[in-house]
Amino acid sequence: MNQHTYIYTSSRGKVLEGKVRCKTLRVVPGGKLETLCKYAYDDLKDIDGLKIVYFIAGIPDICSLERNRRSNYEESFLKRTDNGWFDHALRLKNTIVNTETKLKSINCKVVFATITTMSFCLWNLHRLSIGKTSHLKYENAYDEMQLELNSIIQDVNNFITEFNHTNHVITPFFHSPVHKCKSGKFRYLYNRLVDGKAYVRQSESPVVYLDELFFDGKFKSNMIYILNLLLWGIISAKGAPVHDCIGEQCRNIISVPLIDEMKATLKADLDVSKLNSVLHKYILEEVTKAVKVSFDIQMEKAVDEIHGNVTKLMQSDIKTKFDILQDESFKGNTFVRWGRQSCDGTLSSLVYKGYMAGPTYKAQGSGSNYLCLTSNPQAGSVPADWISSPGLLYGIGWELTGTDRSKSLDHIDDKDVPCAVCLTKGKTTLMIPGRTSCYAEWTKEYAGFLVSSRNEKGAVTTEYVCADEDPEFYGSQNYNHGLIHFVEVKCGSIPCSKYEDKTKLSCVVCSK
């Protein structure tokens, strides 16, 4: 991870703080994926270049929290209807697809981490034990909820893995320390969760899975814990002192001195025969692990050396290909900026500048659309016998006030209209009449006012185009050839509640 990497996570990703190198690690407690996506979009939409965005979420999207502060009640549960469970998996899959689509629009490469389960029983009982809730309503349904939750997460994690693979990214398997699969059967090590270690019923003896305790790399502390469990029922024993257990029947018995409340020496005989198989398995696995670790260290050194050599040889080639890919990703669309000679103020680059051209204002034929005629023309040869009546193309002049101001140096009326062809990074461009800003997820290129030829008998019919709100001009002579005018609304079939009569229409050009 590096300065182009961003991580957005619910509470479970908090463990990454200070442990990974990234530009941003944003933790949103209880944050659903849609919320994390909104934060990411708002943070990154104005940042240029390729961004890599990781999302660690899921449980808040699947589970629900019922809360009543007045009665000091809260409880996590899995929502269902009278007809059965909600399709939580389908809803979360759709959110994943929508998140990737939205961030891809601002040049983000998105990676989703797998989801780790939670324990309804352990978490809610823990909250009850520390006074965060006064009672629990769904306790009898926890087992059924847990089975459904684990099934949903297994389905969604398979989807995430395949989705990341399709997008050519590696999946961070956040669930693997808790979700274990052997011979196609899943089991869940809830005691490795924060909520799994937080609560033990004080009215019951603690339950311990020996294989989970012994094989987590903490042999000494686990041995002490196991011995304490074996002593659970006899610490407060009363009675006369007893002798050490002697004889064949005591081959698997250890005598341990104890002190009772009367400070009299007692001895307890502990049956350790059931530990033998566990210890044997533990020792065997520890030896195997030690050999594997040593081998892995040597292999890691060799791989690092090979990786370093390959990196040096390929670094320049990779950078070149990456630059090509970036250039390819920025290929977009073109639009004409009417009334300006540059693309300044937009998010696009200039292709060429020129002159607005079209039919004369009383033309009876020829074309009706406007063209941006280049200021750097090249003449081609044509056959000498092309002598039939031609179509005619004229320069277009501003006609906004109706007053001849061609001699005024600082006014655009009766002067000619420039234009510029611009290349945008977006794949699509759109002119929206009647607005000054773009819709959500579109980028504003420029705003202005709608223009066309005038509406009168004998006048030529032309297209409507969007002239820049800060117009320029060229030339100083009033040729009065083609003219463009403001466009006004005639309401009626166009709703007068939306557009007042004779409203002069604004416009905006957007890209996406």
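Where do I start with unusual backbone geometry in this structure?
Glycine aside, the phi torsion of most residues is negative, and most peptide linkages are trans. Positive phi outside glycine occurs at Asn107, with the angle close to 65°. Structurally, Asn107 is set in the loop between helix 3 (88–104) and strand 8 (108–112). Even without a glycine there, the phi angle at Glu441 is positive, about 75°.

Got a minute to help me understand the pattern of salt bridges in this structure?
Two side chains bearing opposite charge may form a pair once their charged atoms approach each other closely. Tallied over the entire structure, the rule returns 14 salt bridges. With a shortest N-O distance of 3.6 Å, Arg67 and Glu74 are connected by a salt bridge. Take Glu74: its relative accessible area is 13%, and that puts it in the buried class. The closest approach of N and O atoms between Arg337 and Asp468, which form a salt bridge, is 2.8 Å. Here the residue Arg337 occupies a position in strand 13 (residues 333–338), and Asp468 occupies one in strand 20 (residues 465–468), the gap between them amounting to 131 residues. Note on Arg337: relative accessible area 6%, which makes it buried. A relative accessible area of 2% places Asp468 in the buried class. Among the charged side chains, a salt-bridge network with shared partners connects Arg67, Glu74 and Arg127.

What am I meant to see in the packing of helix 4 (residues 120–129) against helix 5 (residues 142–166) here?
Viewed as axis vectors pointing N to C, helix 4 and helix 5 meet at an angle of 130°, and their least axial separation amounts to 9 Å. The angle between helix 4 and helix 5 places the two elements in the oblique class. Listed contacts from helix 5 to Phe120, Cys121 and Asn124 of helix 4 are Tyr142, Met145, Gln146 and Leu149. Tallied by class, the residues present in the contact of helix 4 with helix 5 amount to five nonpolar, two polar and no charged.

Can you help me understand the packing of aromatic side chains in this one?
Describing an aromatic ring pair means giving the distance of the ring centres and the angle of the ring planes. A complete count under the given rule lists ten aromatic pairs for this structure. Where Phe55 meets Phe112, the ring centres are 5.8 Å apart and the plane angle is 20°; that geometry is what we call stacked. Of this pair, Phe55 sits in strand 3 (residues 51–56) while Phe112 sits in strand 8, and the two are 57 residues apart along the sequence. Taking relative accessible area as the criterion, Phe55 reaches 1% and is therefore assigned buried. Three or more aromatic residues link up through ring pairs in this structure, and these residues are Tyr8, Phe55, Phe112, Phe159 and Phe163. The side chain of Lys102 reaches across the aromatic face of Tyr41, ending 4.8 Å from its centre.

Just to check I follow, could you spell out the side chain of Ser64 for this structure?
Position of Ser64 among the secondary structure elements: in strand 4 (residues 64–68). A residue is classified by how much of its surface remains accessible, and Ser64, at 19% relative accessible area, is buried. Among all residues touching Ser64, those that are not within four sequence positions of it are Glu75, Ser76, Phe77 and Lys79.

What is the right way to look at the sheet that holds strand 8 in this model?
With respect to topology, four strands assemble into an open sheet ordered 2-1-3-8, the strand pairing being parallel. Each end of this open sheet is capped by a strand with a single partner; those strands are strand 2 (24–27) and strand 8. Neighbour to neighbour, the strand axes of the sheet diverge by 15° on average, direction disregarded. With five bridges connecting them, strand 1 (residues 5–9) and strand 3 associate as parallel partners. When the bridges of strand 3 are listed, Thr9 appears paired with Ile56. Most of the contacts of helix 1 (residues 33–44) go to strand 3, to which it runs at about 160°, and overall it touches strand 1, strand 2, strand 3 and strand 8. Strands in contact with helix 3 are strand 3 and strand 8; relative to strand 8, the strand with the most contacts, it is inclined by about 160°.

How should I be thinking about the nonpolar core in this particular structure?
In terms of nonpolar packing, the biggest core is built from 38 residues, with Phe55, Leu103 and Leu149 touching the most fellow members. Within the residue set of this core, elements represented by two or more residues are strand 1, helix 1, strand 3, helix 2 (59–62), helix 3, strand 8, helix 4 and helix 5. When residues in this core are grouped by element, the largest group, eight residues, is from helix 5. Apart from residues no more than four positions distant in its own chain, Leu103 is found in contact with Cys37, Ala40, Tyr41, Val53, Phe55, Cys108 and Val110. Of all hydrophobic cores here, the second largest spans 28 residues; its members include Cys372, Ile396, Cys419 and Cys466.

What counts and how
Residues numbered from 1 in each chain as written. Predicted model: local features only at pLDDT ≥ 70, side-chain atom pairs only at ≥ 80, totals over all residues. Heavy atoms only, no water. Helix = DSSP H or I, 4+ residues; strand = E, 2+ residues; numbered from the N terminus. Salt bridge = Lys/Arg side-chain N within 4 Å of Asp/Glu carboxyl O. Buried < 20%, exposed > 50% of the residue type's maximum accessible area, 1.4 Å probe, protein only. Axes fitted to C-alpha atoms, helices over the stretch in contact; angles between N-to-C directions. Parallel < 35°, antiparallel > 145°, perpendicular 65-115°, else oblique. Contact = heavy atoms within 4.5 Å. Nonpolar A, V, L, I, M, F, W, Y, C, P; charged D, E, K, R; others polar. Phe/Tyr/Trp six-rings, centres within 6.5 Å; stacked < 30°, edge-to-face > 60°. Lys NZ or Arg CZ within 6 Å of the ring centre and 35° of its normal. Pairing = 2+ DSSP bridges. Core = buried A, V, L, I, M, F, W, Y, C linked by side-chain atoms within 4.5 Å.

This is a description of form; function is not addressed.
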